[in-house]
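# Coordinate inspection notes
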Amino acid sequence: MPMSLPSGAVSARLIGQDTLPFSIIKKCNPRAIASYRDIAFDWFYERRLAVNEPIGLMTTDTFEKCMPKPMADNVGLSAAKPQTSPKVGFVSLGCPKALVDSERIITKLRAEGYDLAPDYAGADVVVVNTCGFLDSAKQESLDAIGEAITENGRVIVTGCFGVEEDRIRQAHPSVLAVTGPHQYEQVIAAVHDALPPLHDPFLDLVPAEGLRLTPRHYAYLKISEGCNNRCAFCIIPTLRGDLVSRPIANVMMEAERLVKAGVKELLIISQDTSAYGLDIKYAESQWKGRALPARFHDLCSALGELGVWVRLHYVYPYPHVDSVIPLMADGRLLPYLDVPFQHASPTVLKAMRRPAAQEKTLDRIRRWRQICPDIALRSTFIVGFPGETEADFSFLLEWMREARLARVGCFRYEPVAGAKANELPGIVPDEVKEERWHRFMAVAQELSAERLAGMVGRQIDVIIDEVDDEGALARSQWDAPEIDGSVFLNGEANLQRGDLVKARITHADAYDLWGARD
Ligand code: SF4
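Here's a quick rundown of the structure.

Reading the values: rules and limits
Residues numbered from 1 in each chain as written. Predicted model: local features only at pLDDT ≥ 70, side-chain atom pairs only at ≥ 80, totals over all residues. Heavy atoms only, no water. Pairing = 2+ DSSP bridges. Helix = DSSP H or I, 4+ residues; strand = E, 2+ residues; numbered from the N terminus. Axes fitted to C-alpha atoms, helices over the stretch in contact; angles between N-to-C directions. Core = buried A, V, L, I, M, F, W, Y, C linked by side-chain atoms within 4.5 Å. Buried < 20%, exposed > 50% of the residue type's maximum accessible area, 1.4 Å probe, protein only. Contact = heavy atoms within 4.5 Å.

### A closer look at the sheet that holds strand 18 (residues 471-476)
Reading around the circumference, 17-18-19-21-20 is the order of the five strands in this closed barrel, with mixed pairing throughout. Recorded for the sheet is a direction-independent mean angle of 50 degrees between the axes of neighbouring strands. Where strand 19 (residues 487-490) lies against strand 21 (residues 513-517), two bridges are found, and the strand directions are parallel. Note on strand 21: the bridge partner recorded for F488 is W514.

Okay, here's the thing in C-alpha cells:
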C-alpha cells in the first residue's frame, strides 16, 4: 500500500465544496476535459482562500479529497489524465504565508502540466515547503525532508528553513535543491531541472521553446533586464529600471529548450551582459544537478557546453570579461564580442558618463588578442555628442585604427527626451555631425575591407541563413545576423537553413565574403 503524503495534520476547513453544478460536465473531449480540470483547480484554490482556520500541514491529497466526487469523475482527473504527465508530491509546513507560497508554486506547476501525486510512491519528485520559525519547526522540517527522502528519494526543499541550506544538506545530503522563502522562480526551476515539464502538442498552444520571431536556427537569449549604469544619452534605466538578472538555471533551461528545438546559434543579450548576476549577488541555482553561480563567466562556460554557436552581445570591457576570452580560444564561445564603446575620447566618455578609459581599453583589447588572435570586436559609436570637438573626433578615428575593430555601427547624436545629455553645452551642428559620420564610416569601411581581404584563401566555418536556386547566404563566426556581413556561397543550393559547413573564401569586398564549400 503506497504511503500517502502526510495527511493527519490537515486542518484546513474548506467551505462550499459541494455547491458547483458538476453534473453538466459529461462526455467531453480531451481539450474540454483539460479546461474543466483547470477550472476545477481554480475552484479548489478559491476555496482554499476561504480557509478560516490556521493550517498546520497541507498535503497534495487535499485537492482530491476536497473535490466533490462527481466533479473528480466528470473532469477525468484519473481516467483522462495523461499517463506520462510528470507528477509532483507536495508537503507544505508552516504558517498561512508559507501555505500561500505553496499554492503559488503548485498553481504554476499545474499550469505547466504537472500533476499532483497523492502519495510518495506516485510522485516523480517531492517538494517540501519548510518552516524555520522555531527550533521545533526546523526539526519538524528536517523530519519531513527525511521522510520524503526515505519514501521517495527525490526531494526539493523550499521555504523559510531553506535559508539554512548548510544545515539541511548536512542532515540530508541527497536533497536535489534548496531554495529560500518566496523564491518561486528558483523552486520552479529546480522542479524543471529534476523533472522537465512535458510539452503536449494537443493541449499546448505554443511550442515548448516558446514563440519566436527569428528563423528556427538562431535565437536571442535575454539574461537580464534593466541597467545599473546611467549614461547621459540614455533613458533605458528610467524605462526599465535597474539590473534584474534571471536565475542562471532558468537561463540555462531556456537555452537547452531552444537547442532542443533546433537552434544552432544563441545570441546572448541584455542591456549590460557583463554585469550579469551582480544584483542577485551571483546566487547559485541548480542546473543538471550541480550548483551554478549566476556569474558572467559561469554562464558563458555553461552555455559553451551546449554544443551550439554562442555569441555575446552588449558586453562592457570590465576586467572580469578577460576570463571568457579563453573560452573563445577553446571554441566554446564564438570569437566575437559586441562591445558598445560609443566613443574613445576621455573627455567625451566622461561627459557621456561611460565608465571606460581608452588606454586601459586598448590594453585590454591587446590582451584579448594575445589569448584569442581571431577575436572579432564589433561596436557602436555616437558622433556629434554635445561638447565633442574636432580633436575628440580625430582621437576616436585614431583609436579605431589601433583597436582594429571588425564591425562598427555609427549614430549621429540625437537628443532623447528625458536624457541628462540634453542639459550639456556644446551642441554640435547637424552639418558637422553629418560630416563626421561620413568620415567615421570611411575609416570603418577601410578597416573592414582590410580585415576581410585577409580572409581570402582561408577555410572558415559558416552557418547557412538562406538558400535559393542561385546558392546559399551564410554567415561566418565573426558576423551576427542582421547587423554584420554575409558569406555568399554561389551555386551551393543543396543546403538548408541552419546547416554548419566549411567554406573556402575566394573573394571579399568591404563588408561581405564570397566562397565555396570546402
Ligand atoms: S547606454 Fe546601455 S549601459 Fe548606458 S545606461 Fe543605457 S542601457 Fe545602460
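### Points about the pairing of strand 20 (residues 500-508)
Where strand 17 (residues 459-468) lies against strand 20, five bridges are found, and the strand directions are antiparallel. If you follow I460 over to strand 20, its bridge partner there is A503. Strand direction decides the pairing type here: strand 20 and strand 21, joined by five bridges, are antiparallel. Within strand 21, the residue paired with I505 across the bridge is G515. A loop of four residues connects strand 20 with strand 21, the two strands running antiparallel in sequence.

### Remarks on the nonpolar core
Among the nonpolar cores identified, the biggest contains 61 residues, and L303, L312, V324, L337, W399 and F440 are the most heavily contacted of them. Of all the elements, helix 9 (residues 248-260) adds the most residues to this core, at seven residues. Setting aside anything within four residues of it in sequence, one finds V324 in contact with F296, H297, C300, L312 and L333. Grouped together as the second largest cluster of nonpolar side chains are 22 residues, I463, A472, L489 and A503 included.

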